[in-house]
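# Summary of the model geometry
Each chain is listed here by its residues.
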Amino acid sequence: MDDVPLLRRTVALLAAAVLALAACAAPAATPQSGGEAPGQPVTDSGFVCPEPSPRLPVTSEELNLFVWTEYIPQDIVDCFELVYGIKVNQDYYSSTDEMYAKLSQGALNYDITQPTDYATALMIRTGLPQKLDKERLPNLTNIDPAFAVVHGDPTGEYAVPYQAGTTSIVYNAETVDPAPAAWADLWNPEYAGRMVFIDDSRVVIGLTLISEGLDPNTTDPADLEAIKPKLHDLVKAVELFDSDSPKTALIAGDAEMGVLWNAEAMLASREVPSYTWVFPSEGQFNWADGYMILAEAPHVDAAYAWLNYSLQGDVFWLMLRDFPYSNPNRAALEYAKANQPELYAEYINSPMTNTPAENWAAGHWIEDVGEAMPAYDQLWTEV
């Protein structure tokens, strides 16, 4: 009988050893969401998908997005598909002109698009979106009141805030001398062939107007005619127009400076820290993008589920990781501060992403110029 306790202790020690070996052999779980609950789906990248809060009723089985290239984190798409069982189809555009042309010509199969501010006003004026039912978007309360109304939608009836930011000048401080300080500096012959610009006619025409002391939203044909030679010279000096991924040319060294969106500059600086952001002395361009549900959307219930899920703080913080523009979602910033402190610190401490108030106040907005738009299109075509 004295051998029985010894036998039990031996068996217990062997069992403990087996469990320890199994734990060592199993891969360590490193959920990117900050925690994992049993049964939560996980994306291919290892991101643990938050549950919808709240979960909206949906019967649609798919959702069709018409959105900017490189603007939605893949983990958000994958999580929405996993938690709702809805297939997300995406078509992409790389310029506002491309987006508006396709929608205005009758592309009726899309549910949601992402216009920037002046296109937001244009789309409302031409009847392309439907009014929002905000009762179906309880997570709209996560948006900072300062960003609650998307520029171009003054009543806030059509656009759900997505991202905001600035369009300005970035340059490699190690290779570019002299450093640019104003829009007017872009005509310096030293910069010719070294610049990448976003493919946005209104921005390029607008900065040319500003450099001459004119209104970037002028409706006077004489103003546009007056800047034609100067605009031609600037376009000739640009090495590349790219709205898909302008940071790529900067990182590769194919360009050393440019005019682009703030997150593209931030992503370039992560790879090449010498890239420096400049607020031109004449004032940069401010912008704000929003989601819109299109008037003929075939899957409205899925559209509301997508919007409300995206607005969750434990989902939208992914924008800081993948596309660090100026984030309008307070809940996302609070989540990042608590769970992703390094990412939050990078965002909050950089003028690229967290625009100083005085610079934001000095910025220009591109506006819908109404019946003058064909004159802008004609000028851009000619140069």
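Scroll up to find the structure this text is about.
Throughout what follows, the structure given in this document is the object of discussion. (Residues numbered from 1 in each chain as written. Predicted model: local features only at pLDDT ≥ 70, side-chain atom pairs only at ≥ 80, totals over all residues. Heavy atoms only, no water.)

In terms of regular secondary structure, the protein is built from 15 helices and 10 strands. Overall, the C-alpha framework of the protein stretches about 110 × 50 × 30 Å when taken along its three principal axes. Taking all 383 residues of the protein together, 52% fall into the buried category. Sequence separation of 24 or more characterises 76% of the internal contacts of the protein that already satisfy a separation of 6 or more. Summed over all atoms, the accessible surface of the protein reaches about 16900 Å², with 54% contributed by carbon and sulfur. (Helix = DSSP H or I, 4+ residues; strand = E, 2+ residues; numbered from the N terminus. Buried < 20%, exposed > 50% of the residue type's maximum accessible area, 1.4 Å probe, protein only. Contact = heavy atoms within 4.5 Å. Areas by Shrake-Rupley, 256 points an atom, 1.4 Å probe, with all protein chains shown as cover.)

Looking now at helix α5 (residues 201-211). A turn of α-helix holds 3.6 residues, and therefore any two residues three or four places apart point the same way. Within α5, 11 of the 11 residues are buried, which leaves the element mostly enclosed by the surrounding structure. Of the residues making up α5, those classed as buried are S201, R202, V203, V204, I205, G206, L207, T208, L209, I210 and S211. Two or three places before R202, at the opening of α5, D200 has a side-chain oxygen 3.1 Å from that residue's backbone nitrogen. Among the residues trailing α5, G213 stands out with phi positive, at a value near 75°. (Polar contact = N/O pair within 3.5 Å; in protein donor to acceptor, adjacent residues only side chain to side chain.)

Axis separation between helix α3 (residues 96-104) and helix α4 (residues 117-125) bottoms out at 11 Å; the angle between their running directions is 15°. Put simply, α3 runs roughly parallel to α4. The chirality of how α3 crosses α4 is right-handed. Side by side, α3 and α4 meet where T96, M99, Y100 and L103 of the first sit next to Y118, A119, L122 and M123 of the second. (Axes fitted to C-alpha atoms, helices over the stretch in contact; angles between N-to-C directions. Parallel < 35°, antiparallel > 145°, perpendicular 65-115°, else oblique. Left-handed = near helix turned anticlockwise from the far one by under 90°.)

Let us look at the packing of aromatic side chains. Throughout the structure, instances matching the rule amount to 20 aromatic pairs. Between Y71 and Y162, the ring centres sit 4.9 Å apart and the planes meet at 80°, which makes this aromatic pair edge-to-face. Taken together, the positions of Y71 in the loop between β1 (62-68) and α2 (74-84) and Y162 in strand β4 (residues 160-172) put the pair 91 residues apart, joining distant regions of the chain. The exposure classification of Y71 matches that of Y162, with both residues buried. Where F241 meets W380, the ring centres are 5.9 Å apart and the plane angle is 90°; that geometry is what we call edge-to-face. Pair noted here: F241 is in strand β6 (residues 238-241) and W380 is in helix α15 (residues 373-382), with a separation of 139 residues, a long-range link. (Phe/Tyr/Trp six-rings, centres within 6.5 Å; stacked < 30°, edge-to-face > 60°.)

This part takes up the pattern of salt bridges. Summed over the entire model, instances satisfying the criterion amount to 13 salt bridges. Residue R125 is joined to D368 by a salt bridge in which the shortest nitrogen-to-oxygen separation is 2.9 Å. In this pair, R125 sits in helix α4 while D368 sits in the loop between β10 (364-365) and α15, placing the two residues 243 residues apart along the sequence. What makes D368 partly exposed here is its relative accessible area of 27%. A salt bridge links R321 to D322; its shortest N-O distance comes to 2.6 Å. The network of salt bridges with shared partners includes E70, K247 and E264. (Salt bridge = Lys/Arg side-chain N within 4 Å of Asp/Glu carboxyl O.)

Glancing now at empty space enclosed by the protein. Over the atoms rolls a probe the size of a water molecule, and its path tells where empty space is left. A complete count under the given rule lists 2 cavities of 30 Å³ or more for this structure. Its boundaries defined by the atoms lining it, the largest cavity holds a volume of some 250 Å³. Along the walls of the largest cavity sit 22 residues, with W68, T116, W261, W287 and D289 positioned nearest its centre. Among the secondary structure elements, those contributing two or more residues to the lining of the largest cavity are α4 and β9 (285-293). In terms of residues, the lining of the largest cavity owes the most to one element, β9, which gives 4 residues. The residue makeup of the lining of the largest cavity, split by class, is 10 nonpolar, 6 polar and 6 charged. (1 Å grid on protein atoms, 1.4 Å probe; cavity = no way out; pocket = protein on both sides within 12 Å on 5 of 7 lines; lining within 4 Å. Points joined across faces, edges and corners; volume = space filled by probe spheres on them. Nonpolar A, V, L, I, M, F, W, Y, C, P; charged D, E, K, R; others polar.)

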